[in-house]
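Listed below, chain by chain, are the residues.
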Amino acid sequence: MENFKAQVVEVMKSFKDVLIQRGRQSSLPRQLLVFGSHWTSKLESFWEAYMVEPVLVITSQYEAAVFGGAKHFVTMIRAGERLARLVDLVGSVMEMNKKMIVFTDNEEEATTVYRTLSANSCYVLLATVGADFTLVLREWHLPHKGTSCPVLVCTDAVVFDLGITDADVVMHYGMASSKTRFGNRLSCAQDNYRNSASLKDKTNCPKSYIFVTENCGPMVMSLVDLLERTKCHIPKELRAMVQGMLEGKERDNPRPLCYYLKAFGTCKLRSHCLKRHVIRPELDKRRQLTMSSLLPSQGEVKVLVSYVENASCYYVRILQHRVLDGTIQQMDTVYNRLNDALQAWFSISENRFENGPVLYGDLCCYPEEERYCRVQIQDEGNVEHYATQRHKSVKIFYVDEGRTDKVTASSLLKLPDNFKGIPFQAVEAYLCRISPVDSDTDWVPKADAFMCSQVRDIELWGKIVLSLGGTLWLDPFVERVYHETIKVTTTNTQIRTLLIRRGYAIENPQHLELLYEACKDKMELPDYSRSVLDVEPEVESLPVALEDVSGEESSDTTTPVFISACGTPECFYLRLAERNQDREELMSRMNKDSSQQKVVLDEKKIKAGTLCLANFYIDDNWYRAKIVSVGNDDKVDVLFVDYGDTETMSVQDIREIPEKYLRLPFQAMECGLPDVAPVGSSWQEDDGDALWEMVCHHNGDFRELQAKVKGRRIAQCIGAHRHLVDLVYKSCDEEVNVLQEMVYHKHCQVDSTSIQPLFPLSVCGAESSGADKLPQRPVDLCRSIYNTQNPLVLRTMTLQLGNMLKSIVEDVSVEDEVKKEVISNLWKLIRYSQHATVVTTLLPLLTQSIRQCQSLLSSVLESRFVTHLCWQICRSKSSDVKLSCLRSLLILCHEEMVNVSLAKLENIEALLTTVKQSESIKVKTLTTELLARMCTALHSARTMANVKAEKGIDVVLKQVSLHKDDSEFAEAFCHFCCVLGDHQKEEYYTDFSKDGLLKLVVQLIRDTNNHQVIRWTTQLMHRLSERSRRNKTLMLEAEYVPVLKGLPQRFPELTLELSSQWNHLLTSLDVKAPREHLSGDMSMVVHEQLPMNTQRNLGISISPHVSWYQNSFRVVLSVKLTRVTKKSVMYNENSVHFRAVCDGKLYEFEFSLCDKIIPAKSHEEVRLKEVLISLKKEQKGRWKRLLRDKEKPSFLSIDFERIRDSSDSDGEDSDDNLFIVKHSTRGKPLPRKSSTRSATAKSVEENPGLNTSASSDSDDSLGNQNYDGDEFDFFDI
């Protein structure tokens, strides 16, 4: 839990997502079980975050004491001085009136302690094996006053017989011999452990006093671990004692060096590991047999991997050794001669003798598939009973290959002495500076299998960084390829990098440093003019996925990247997305290591090409950099090698870079778009800015790109090559080609034919009918407007194109396909034109045209119409262009397809960025109004989630607070808030609980004369007051009530329309008025019939929220509307049509029903907060769903509060009541008549807040009907 916090959080997040996806099953019982071998404080945080009323079960008394919060106090003392110290401690504890137990190692010590304490006037009890504990326990449990509490002296043998659990203090006069006994002692105070139901209760934790003497054994090491876990003080003397014991243990340990120490530089399980963790030259320098004469200690070696033990440990055969002067020595001849000699000797049957008794470490021969191999026995056998054990299995080690196996003892052959003297040919080799992911101590099987497939039987080169005890550490460890045609050797594969990229390993930069520290002053280390830590970094200017370019066709592989710096489309820098975490960790380490930043760069090194640390003045952080040039006045130009930016700075701001920070490859990759050239004579600053804006989000965050290599050129700054890449990114689920967009926006040009012309020379191609030729003239005009730079000519042709568009769209004889082609060309011109006149003139005409024809709208939306308009609104420098785009979207936002596109996260981000950054109040106003209309039209959870993710309320609130005097902006703001306030999900109301928002709204109401602002704010306040008591409190604090009371005088013309809502608000905010429940009769509201032509007066209708339920005779619709005064319901045998006016708005829906109804027996009833519509079924039975179509509208749902399930068995279905309802009682049904009333009254008395309206509303025709379905059979609507 402590080492894998991030992983645990990710698992719990996935668990939550699964529960959300299950939906209806989320109400089922769920259990979360957490298991562990040790108690840790992180479990407490886990409980608080993810568990409700957790149950804790601890089976170990030792771990229970850790959880219980026992406090430990250690006294370092000589054995002969313990009694005197004990007497002092007992005296001080007795003064606090605490129950105390003193534990000793044996009965003799217990007797001595008993007599000593008694002699010092202490009230002492003694419990030993075989004694009667009746008197002892009676005295122990008697209440004692003052300092008369007894002191119990006992041994570990009587702990369970005593059964004491209420001690306050436990003294360990003698150290417990194990954790189990130590835990048993502390269990005597378990009544004083903190309560598991209240994990924070640590006020009365027991105390434990421990005497540590020179005679204490290995338990002292466990004691230090206990003190660290419980965060108790550890004396320096105790640490020194434990350190000495560990060193003594290691010094006397003849076992082999620990694998974890060799593989990773440290052993996490050192206190429990049986292997050795200290370098002992007399053992480690002694190589097996004559290995010392063969194994090199420095230089480079070419090896053949014969066996893969795991991902970082291999057995290799040395083929060549390149010494420091460059001389190469062949070393594979010994193995070849040995192999030939073995086969020749044992091919003669007279030379094959059974080896005989099995002895550990003995060398023998094993015949394997007609070849003979030298092996070493790894098991200990019984010489005297070999005759009975010769057919048993024995473990062997192939000394020339490195693998192990199990064979029968009788199959081993005796090896002649001349073969035994030849050194082992398999050498253990380690890959350096890596470790398993997730802080694991061992490699996962997938990592082992992957490395086996990559390096088994492969010749590799490695540089020796350490040679110890028959083992080599190689870094780097690479596969090299010699190209015969060009006489050049290149590195094909970095084994270490390959393992990291596949996600099986992470960087372990301290591996070699820890090994060198362990070997310091004990053995000679490799001597290089530049050590391994000073070697040039493994600069990787490209990942493997981007390097795969063969012949004329590039690989289809793409790699996720981010842009980090941009000069021109011909030269920019990318970073690998998968390396972001590595880079951030390196930056964090560099900036925390302040001591390294103080090492001033030597003046001799201040020259072009020197690597250094550079301080960036904006964020005052240190970054890896390379000096590009040196100027006057102590100024240098540096290139940040992980980003690609250049900066001029003083030499005082650069430092020498430590070698350990050069191990991570430089992250910036020099790249460029393929085959690009500037539009004019040279690149302009706007060209690079356009590329940067295109590949970044509207809020400035980097956008993930997909890069595909098309070719290479010589690099100018970083790496060996500049990579020509195609860049693609996703925008609102559509792929965008960066090169194509840059060409169409005239920021670059290409020589190749990979980019099609924006306006081709021929559209229809054939010269047939006149209608076929219609688009040709518009496309010619579009091409001319796109290419012209003359403002007068541009305006003339734009007006001409607009007139032509009108005539084509209005001409009914022109086919739709022809119109689509014209509209498509016109939209491309608007999208890519650099002139504001074109956009402001043609976009309104385009909007009007596509509004008239739904098919034209669909074709335009396919070309990212909405997304590009949002991009223009956010990025355009012309306010006229912004306003034109906004007006176009406001006209089209009643179309569902447009709203769906608008509601995507990227577009909402663009609009809110416009509200935040635009200098035009008009632009802010229209943008806010567009957001409000979009939310009104969709009103979906996903839309609200996107608005909240971009902090929509906060952004608009801040802007309105700066421009409170603008009436139109205030109106748009109130409309936006009102729409969000209407949403029914709890999580979208959190933004409205901020007192700053309500205070601003009240201030707007107080200062405005805008009628629409009053309408929106009244509706908003009404919603918020119904939502929570906190909102009402904030309204009162904002002094909303006096403002509300003054509205009828300020706006008499709105009194008729809004008086009911104002009165309701005043009633809900009147804290002095007594609260009275409405009776069943009062819930009815007088209503009038609504004329069917009301839509003309009230505008577009709104779909209300509708829920439904049924029995065998009727279907009831519950329309969630409050205080309906006018309504109209029309019944047909297959449908129902509803209209109503509520708060000045028209609500309407029409349902085509699943089955037939009887209109004459169908009725409706208006209540305080809903309208109930009862539909009489033509045939008795249950409907499978409500609607004829399987697809249901978003505002329709099942009424789970009233639906009956199979557990409700208190009666048969009946058609006596018009409106059916489900009982709130799930148990046995109550008796009829008076017993029901008395039971309800009793329930109200016990639960004052209980809502009894459903069960007592007999006057509303609400009966009790059964539902014969399954409880979890939630049928389709």
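Please refer to the structure higher up on the page.
Parameters and conventions
- Residues numbered from 1 in each chain as written.
- Predicted model: local features only at pLDDT ≥ 70, side-chain atom pairs only at ≥ 80, totals over all residues.
- Heavy atoms only, no water.
- Phe/Tyr/Trp six-rings, centres within 6.5 Å; stacked < 30°, edge-to-face > 60°.
- Helix = DSSP H or I, 4+ residues; strand = E, 2+ residues; numbered from the N terminus.
- Buried < 20%, exposed > 50% of the residue type's maximum accessible area, 1.4 Å probe, protein only.
- Lys NZ or Arg CZ within 6 Å of the ring centre and 35° of its normal.
- Core = buried A, V, L, I, M, F, W, Y, C linked by side-chain atoms within 4.5 Å.
- Pairing = 2+ DSSP bridges.
- Arc of directions from axis to C-beta.
- Axes fitted to C-alpha atoms, helices over the stretch in contact; angles between N-to-C directions.
- Parallel < 35°, antiparallel > 145°, perpendicular 65-115°, else oblique.
- Left-handed = near helix turned anticlockwise from the far one by under 90°.
- Contact = heavy atoms within 4.5 Å.
- Nonpolar A, V, L, I, M, F, W, Y, C, P; charged D, E, K, R; others polar.
- Salt bridge = Lys/Arg side-chain N within 4 Å of Asp/Glu carboxyl O.
- Patch = residues over 30% accessible without salt bridge, like charges linked within 9 Å, V, L, I, M, F, W, Y side chains within 5 Å.
- Areas by Shrake-Rupley, 256 points an atom, 1.4 Å probe, with all protein chains shown as cover.
- Lys, Arg positive; Asp, Glu negative; His and termini not counted.
- Charge placed at Lys NZ, Arg CZ, Asp CG, Glu CD.

A. The arrangement of the packing of aromatic side chains in detail. In the structure shown here, the tally under the stated rule is 23 aromatic pairs. Between Y744 and Y832, the aromatic rings sit 5.1 Å apart at their centres with planes inclined by 70°, giving edge-to-face as the arrangement. Note that Y744 is positioned in helix α23 (residues 738-744) and Y832 in helix α26 (residues 816-832), a separation of 88 residues in sequence. Taken as a pair, Y744 and Y832 share a single burial class, namely buried. Connected via pairs of aromatic rings, a cluster forms that spans Y259, Y260, F264, Y430, W443 and W473. We note R322 situated over the ring of W461; from NZ or CZ to the ring centre the distance is 4.6 Å. Between R403 and the ring centre of Y398, over which it is positioned, the NZ or CZ distance is 3.9 Å.

B. Structural detail: the nonpolar core. By size, the foremost hydrophobic cluster in this structure holds 133 residues, and its most contacted members are L574, L727 and F973. Grouped together as the second largest cluster of nonpolar side chains are 50 residues, L295, V305, C432 and I464 included.

C. Here's a closer look at the sheet that holds strand β25 (residues 611-616). One open sheet accounts for five strands, arranged β28-β27-β26-β25-β29; its pairing is antiparallel. On the outer flanks of this sheet lie β28 (646-650) and β29 (654-655), each paired with one strand and no other. Bridge analysis of strand β26 (residues 621-630) against strand β27 (residues 635-640) gives five bridges, and the strand direction is antiparallel. Note that in β27 the partner of A625 across the bridge is F640.

D. Representation of helix α16 (residues 445-455) in the model. When we look at burial in α16, the residues that qualify are A447, F450, M451 and V455. The buried residues of α16 occupy an angular sector of 105° when projected down its axis, which confines them to one face. α16 presents P445, K446 and S453 as exposed residues on the side facing more than 90 degrees away from its buried surface. Immediately downstream of α16, the backbone of D457 shows phi near 60°, a positive value.

E. Region of interest: the packing of helix α25 (residues 791-810) against α26. With their axes 10 Å apart at the nearest point, α25 and α26 run at an angle of 155° to one another. Considering their axes alone, α25 and α26 lie roughly antiparallel with respect to each other. Considering only the axes of α25 and α26, their crossing is left-handed. Of the residues in α26, those touching α25 at L801, L805, I808 and V809 are K819, V822, I823, L826 and L829. Partitioning the contact of α25 with α26 into residue classes produces eight nonpolar, no polar and one charged.

F. Looking closely at the pairing of strand β15 (residues 427-431). Counting buried residues in β15 gives five out of five residues, a clear majority hidden from the surface. Here β15 shows no split at all, with V427, A429 and L431 on one side and E428 and Y430 on the other all buried. Strand direction decides the pairing type here: strand β8 (residues 313-322) and β15, joined by four bridges, are antiparallel. Residue pairing in the sheet places Y315 in a bridge with E428 of β15.

G. Quick peek at the pattern of salt bridges. Enumeration over the complete set of coordinates arrives at 30 salt bridges. Measuring nitrogen to oxygen at the nearest pair gives 3.1 Å for the salt bridge that ties K262 to E428. Of this pair, K262 sits in helix α11 (residues 259-264) while E428 is found in strand β15, placing the two residues 166 residues apart along the sequence. For the pair shown, K262 and E428 are each scored as buried. R624 is the partner of D642 in a salt bridge, and the nearest nitrogen-oxygen pair spans 2.7 Å. Highlighted residues: D642 in the loop between β27 and β28 and R624 in strand β26, separated in sequence by 18 residues. A relative accessible area of 1% means that D642 is categorised as buried. Overlapping salt bridges bring together E368, R371, E401 and R403 as one network.

H. A look at a positive patch on the surface. A surface patch of positive charge is lined by K5, K42, K71 and K231. Structurally, K5 can be placed in helix α1 (residues 5-22). Overall, K5 belongs to the exposed group, its relative accessible area being 55%.

I. Up close: the packing of helix α38 (residues 1011-1027) against helix α42 (residues 1055-1069). Two numbers describe how α38 lies on α42: the axes approach to 10 Å, and their chain directions differ by 35°. The crossing of α38 and α42 is left-handed. Contacts from I1014, R1015, T1018, Q1019, M1021, H1022, S1025 and E1026 of α38 reach α42 at E1057, L1058, Q1061, W1062, H1064, L1065 and S1068. Looking at side-chain class alone, the contact of α38 with α42 contains five nonpolar, seven polar and three charged residues.

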